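# Observations on chain architecture
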Amino acid sequence: MMAGQLALKEGDIPVAIQRHLDAIDAVKELPDVPFPYYMGTAVCHFVNCDWAAAAKLLHKITDTPAAKKFDMKGLAGLQLATCYYMLGDQKMFKETVDKIPSMIAKNSRFDKLAEKKLGQYKKRGFGLAPFEMMYVRRDLHHVHADLAQPLLDKLEENYKKIKENPEDKAPYLLIRGVLLKCLGKPEESKAGFRTILELEKSIKEETWVVPNACQELGEMLYWEGDLDAAEELYKKASKYSGFDWEDVVKNRIKLSLETIKKQKKQEKKQRKAAAKSGSAVSTGSEAKESDDENDEAPHGANVVVPDAVLKDGDDDQEPDEPEAKPTVDENARDLD
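First, a word on what this report is: a plain description of the structure on this page. Because the structure is predicted, anything quoted here is derived from the model rather than measured.

### Some points on the overall build of the protein chain
- Helix and strand content of the protein chain: 15 helices and zero strands.
- Counting contacts in the protein chain only where the partners sit at least 6 residues apart, residues at least 24 apart contribute 65% of the total.

In structure tokens form, the structure reads like this:
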């Protein structure tokens with residue numbers, strides 16, 4: 001099961017599906033297959049745009065009385081309705097939508113979101129529903145190009161059926177930006193995120209989109225070496241509150257800001273050491289011009305400075321900070 005989740009987050013959907021099916025097979029001797037196994041496998045089919053396969057598995061949750069205690073039953077119902085919408089089966093779509101309120105677990109934050117989104121989709125349509133669900137679970141962020149393109153095509157097709165308005169345009173541009181990034185089109189991706197920021201004052205319901213756009217754009221600028229611009233966007237995102245899955249987004253932003261702070265501190269040390277030795281050092285935005293690639297410090301200096309040089313005579317050297325660790329509510333879980 002965990003191997004399947006890892007493959008899903010890495011964008012290797014065929015492997016993710018097989019690993020999830022292996023997990024179901026491994027527990028088939030139990031009186032009942034745990035509902036998360038069906039849910040996880042259905043999500044993989046969902047990302048693969050195999051709506052029929054996803055629906056078959058979701059029915060094992062929505063049609064089972066024992067699933068009443070499962071804290072994602074309402075969310076499973078919303079995904080099931082979305083599958084029928086994508087399949088064009090209006091009869092099953094309407095029947096499923098009508099049943100969702102009875103599936104909602106009132107004390108589940110997942111189902112509370114499902115209930116809220118159901119109301120929004122009823123009002124504005126289900127065209128973006130499957131893509132929003134995939135985005136929130138971060139299932140789209142690393143999909144391979146051979147899947148990103150058909151997903152983008154389907155997103156564009158559905159969006160054309162929607163009367164343009166800020167509430168739909170913003171999430172459309174957010175999801176489109178992620179898929180364009182997967183397709184190796186960063187400039188188009190960033191342009192979409194920036195357009196979302198321009199729409200900020202017009203967005204009244206989908207308030208989760210702007211902080212996510214800040215986070216997405218900030219991440220891209222970080223990897224391009226523009227630490228100052230990335231930091232500014234992360235700080236902007238951190239000021240938002242009261243939006244869906246705030247704790248998850250805020251945790252990513254917190255870690256990103258800590259990483260930038262630590263990196264800037266290291267660059268300051270390297271500049272001081274380089275000044276003493278008369279060497280040049282490239283940092284931050286200067287690293288954008290460099291072909292040097294380092295996964296651990298993509299924007300770091302090209303000069304390696306021994307610790308002894310950094311410490312010797314560095315009177316105002318700040319003590320090293322402990323390694324940043326995420327702060328997560330132990331009672332909180334992401335959709336995945």
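### A closer look at the pattern of salt bridges
- Taken as a whole, this structure holds 29 salt bridges when the rule is applied.
- As a salt-bridge pair, Lys106 and Glu115 come within 3.3 Å of each other at their nearest N and O atoms.
- The partner of Arg109 in a salt bridge is Asp247, with the nearest N and O atoms 3.2 Å apart. Of this pair, Arg109 sits in helix α7 (residues 109-124) while Asp247 sits in helix α14 (residues 246-277); the two residues are 138 residues apart in sequence, bridging distant segments of the chain.
- Connected through shared salt-bridge partners, Lys117, Lys123, Arg124, Glu132, Asp168, Glu205 and Glu206 make up one network.

### Describing the nonpolar core
- By size, the foremost hydrophobic cluster in this structure holds 94 residues, and its most contacted members are Phe126 and Leu179.
- The element best represented in this core is helix α10 (residues 166-182), accounting for nine residues.
- When residues no more than four places from it in sequence are discounted, the contact partners of Leu179 are Leu140, Val143, Ala148, Leu151, Leu152 and Leu155.

Definitions and cut-offs
Residues numbered from 1 in each chain as written. Predicted model: local features only at pLDDT ≥ 70, side-chain atom pairs only at ≥ 80, totals over all residues. Heavy atoms only, no water. Helix = DSSP H or I, 4+ residues; strand = E, 2+ residues; numbered from the N terminus. Contact = heavy atoms within 4.5 Å. Salt bridge = Lys/Arg side-chain N within 4 Å of Asp/Glu carboxyl O. Core = buried A, V, L, I, M, F, W, Y, C linked by side-chain atoms within 4.5 Å. Buried < 20%, exposed > 50% of the residue type's maximum accessible area, 1.4 Å probe, protein only.

The values are spatial; any link to function lies outside them.
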